[in-house]
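Read off the chains here:
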Amino acid sequence: MYLILANRLREALTRHVAETYNLSVEISLEKPPKIEMGELASPFCFDLAKRLKRAPRHIAQEIATSLAAIPGIARIEVAGAGYLNAFFDRTVFWDSVGSESFAAPPAPSGGKIIVEHTNINPNKAAHIGHLRNAILGDTFVRLLRHSGRRVETQNYIDNTGVQVADVVVGFLHIEKRTAPNIRALSQEPRFDYYCWDLYAKVTQFYEEDKTRLALRGETMQRIEEGIGEAAEVAETVADAVVGCHLRTMARLDIRYDLLPRESEILRLKFWDAAFVKLKETGAIHLASAGKNAGCWVMPWTQGEGATPAATVAAEAPAPEDADAQAKVIVRSNGTVTYVGKDIAYQLWKFGLLGRDFHYAAYPSPSGEIIWMTTSSAGDPHPPAFGGAELVYNVIDARQAYLQQVVSAGLRALGHNSEADRSIHFSYEIVALSPRCAREMGYELSPEDAKKPYVEVSGRKGLGVKADDLLDRLEAATLAEVHQRHPLMPPAEQRATAHAIAVSAIRFFLLKFTRTATIAFDFEDALSFEGETGPYCQYAVVRIRGIRRKGAEAATGGAGQVSKEFLSGIFSGAEGQGLWELLLLTGSLDSAVDAAIGAQEPAFVAKYAFQLAQSFNNFYHKHHILSEEDPQKRSFLLQITERVEAQLVRALSLLGMEAPEKM
RNA sequence: GCGCCCGUAGCUCAGUUGGAUAGAGCGUCUGCCUUCUAAGCAGAUGGUCGGGGGUUCGAUUCCCUCCGGGCGCGCCA
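None of these values were measured; they are calculated from a predicted model.

### With respect to the protein's contact with RNA strand B
Then, number 1: Around RNA strand B, 70 residues are found, and the nearest of them are Y83, R331, T513, Y535 and Y538.
Then, number 2: Counting only atoms of RNA strand B within 4 Å of the protein, the fraction found in sugar and phosphate groups is 64%.
Then, number 3: A distance of 3.3 Å is found between a sugar or linking oxygen of RNA strand B and a side-chain nitrogen or oxygen belonging to E30.
Then, number 4: In this structure, D158 approaches RNA strand B through a side-chain N or O atom, which is 2.6 Å from a sugar or linking oxygen.
Then, number 5: Those elements that place two or more of their residues in the surface near RNA strand B are α2 (44-52), β3 (83-88), α16 (400-412), α20 (466-484), α23 (533-552) and α27 (602-621).
Then, number 6: It is α27 that provides the largest number of residues to the surface near RNA strand B, a total of eight residues.

### Side note on the pairing of β3
Then, number 1: Counted residue by residue, β3 has five buried out of six residues, so it is predominantly covered.
Then, number 2: With three bridges connecting them, strand β1 (residues 40-42) and β3 associate as antiparallel partners. When the sheet's bridge partners are listed, S42 is paired in β3 with L84.
Then, number 3: Note that strand β2 (residues 73-79) and β3 share six bridges and pair antiparallel. Paired with V78 across the strands is L84, a residue of β3.
Then, number 4: Turn length for the β2-β3 hairpin, with the two strands adjacent in sequence and antiparallel, is three residues, and the turn residue G80 shows positive phi of about 60°.

### Quick word on the domain arrangement of chain A
Then, number 1: By domain assignment, chain A separates into domain 1 (2-88), domain 2 (111-276 + 339-425), domain 3 (435-525) and domain 4 (527-653).
Then, number 2: Each partner contributes to the interface: domain 3 provides 16 residues, whereas domain 4 provides 15 residues.
Then, number 3: Among the residues of domain 3 in contact with domain 4, F507, K511 and R514 are the three that bury the most area, contributing 43% of the side total.
Then, number 4: Our count for the contact surface shared by domain 3 and domain 4 stands at one salt bridge.
Then, number 5: Between domain 3 and domain 4 we count nine residue pairs in polar contact (both at pLDDT 80 or more) in total.
Then, number 6: Classifying every residue of the side of domain 3 that touches domain 4 gives nine nonpolar, three polar and four charged.

### Some points on the sheet that holds strand β16 (residues 518-520)
Then, number 1: Spatially, three strands are ordered β15-β14-β16 in an open sheet, and the strand pairing comes out mixed. Sheet topology places β15 (454-455) and β16 at the edges, where each strand pairs with a single neighbour.
Then, number 2: Here strand β14 (residues 430-432) pairs with β16 via three bridges, running parallel. Paired with L432 across the bridge in β16 is F520.
Then, number 3: Those strands touched by helix α5 (residues 128-146) are β14 and β16, and its axis lies near 155° from that of β14.

Rules used in this analysis
Residues numbered from 1 in each chain as written. Chains lettered and ligands numbered in written order. Predicted model: local features only at pLDDT ≥ 70, side-chain atom pairs only at ≥ 80, totals over all residues. Heavy atoms only, no water. Near = heavy atom within 4 Å. Polar contact = N/O pair within 3.5 Å; in protein donor to acceptor, adjacent residues only side chain to side chain. Helix = DSSP H or I, 4+ residues; strand = E, 2+ residues; numbered from the N terminus. Buried < 20%, exposed > 50% of the residue type's maximum accessible area, 1.4 Å probe, protein only. Pairing = 2+ DSSP bridges. Domains from an automatic or database assignment. Contact = heavy atoms within 4.5 Å. Buried area = accessible area lost by both parts, 1.4 Å probe. Salt bridge = Lys/Arg side-chain N within 4 Å of Asp/Glu carboxyl O. Nonpolar A, V, L, I, M, F, W, Y, C, P; charged D, E, K, R; others polar. Axes fitted to C-alpha atoms, helices over the stretch in contact; angles between N-to-C directions.

Okay, here's the thing in structure tokens:
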């Protein structure tokens, strides 16, 4: 509701200024520092003052008196040196929040948005860093869908890459297992944990003798060609680990529409199609000299961002130098790099490749149907995948350069508009606090010990596994629930503990903005007090407690609240605090809008916390069920209902569920 | 060397396109459970917004510069 009023005010002011002064201005709106100053304020008269060469306060005065009435806004006042402050009509707002809180979300419409996230190499268990990616992506998808956008979630599976190859080397050359044996092993529930350890062993295996790296090359080649034991084992391992990842993510209520696999990018000749286009347009060329001789390269200069090939060519000092700086797309042995495949994939996402995958539906480990790409015939009538008008790639900040290369690839092919609509949803990594790294049994080098945090490393086997963290959280929450509610049925205890654990971890990873590097520490992550998910859930649980008790005591019925009562209480002594709570309750739309605009789910996490905090404050000031005045009791009850509806909605956008009791 | 990110209270972080007296959580200290759940509330403590210039009516926010930290620049992904 807040957003609606803000937009209404902005439009009215823009129109008024255009008509009165024949000027077009950008109306910036902000929240005044104090609620006594109104709910919305604009300093745009300061800008206007310059252009009109008049005092800002006089202009503000003039506008305030001549502006036509705006529905939902009671009055507009001049404040300070020339601010315009708007005051909402509180009884109108009350009604609007009531209908808004219980309205159904809009049906999806408009062009498709693809959000790609998770993308964990299927060769080891998911760790805390992967969780940040998946939770950010999943939450962003929820926000987009909530605001009526049509969204397709994709989790790209690099099942033919070097990381899978390394684990295959481990199985075949260190452990000397056979394909059937590995297949049997892959059925174990935590096969991903086994691979985690094996992957670290492979790293050592190479370090002991560098010539062993030849095994990696051979294995990769076999996997890419899709023939022999290595390819068979790679498929077994990748499929099984993907299953583990899907189970892990399902624990956090994270799901996908499609799993596009790299094997299909290769076998369905996606790359060949992209290669032809890139060659035809001159976007890439064969380097004839220098260190990249024999490779197909894309010209590149670091600095000006994604620089189109043409501009680079004009400024390049010498062809050899330029080629040495260029990004290799096809290696001299003819194999394509990851970026090359990514360009093809990105073209497909926009429907620009002229090819499509085959698709097959599988029951996912958590039960529902999930679509996966396949090289064989596939389903005759799959849903229409791809063909998006906007693409968000959720990838950590270290890969910014590669994302720019992909974008430059699209530009070089003349798809400027699609390049603009290829958005790198970037975020900083989750590292471990030095204390946490030690706790994980990792010996810190003197340099590492001095650092503020230690980077997670799959290769070294250093990291906090997602399932371990969840297990620990669930154990802690279950113990607490058990103690508080000994009579609760065990199944409900477990469900409650699970909901609290999920909210703890999701909120913990969402409360930081994307540019903050998170130094992970068990103490912070296992905290359930203060700015945490459980704190937000607790506010809802309190409201539900009131409703239960109210129903038992037959005092819960929320009767009519008259307009006179509303305007009376909001203008009375205790009205300010009540109004602030209502205002915040009606501001979810504004928080979601800002979160989508800034690609910052943290805004919604912050909102949920503030609303919970504001409610807790209200809860202590007003004892609802013992309120003698029936009209006031109804009013207080209806506030809590509105808060509950909006807070539950905010939490569900964050992927969190509020239990009945906790 | 080039590029990106960060520097705000003891610690961890917010601060929405430049706006009114810079906020929250944790920590420390003091109160509050016979009451709708204390996973809570109230209060106290705590700041040269890394330093210095500049633009502006106005800068934590924009520009320059310096200092300190992280990351990226592979025929790895």
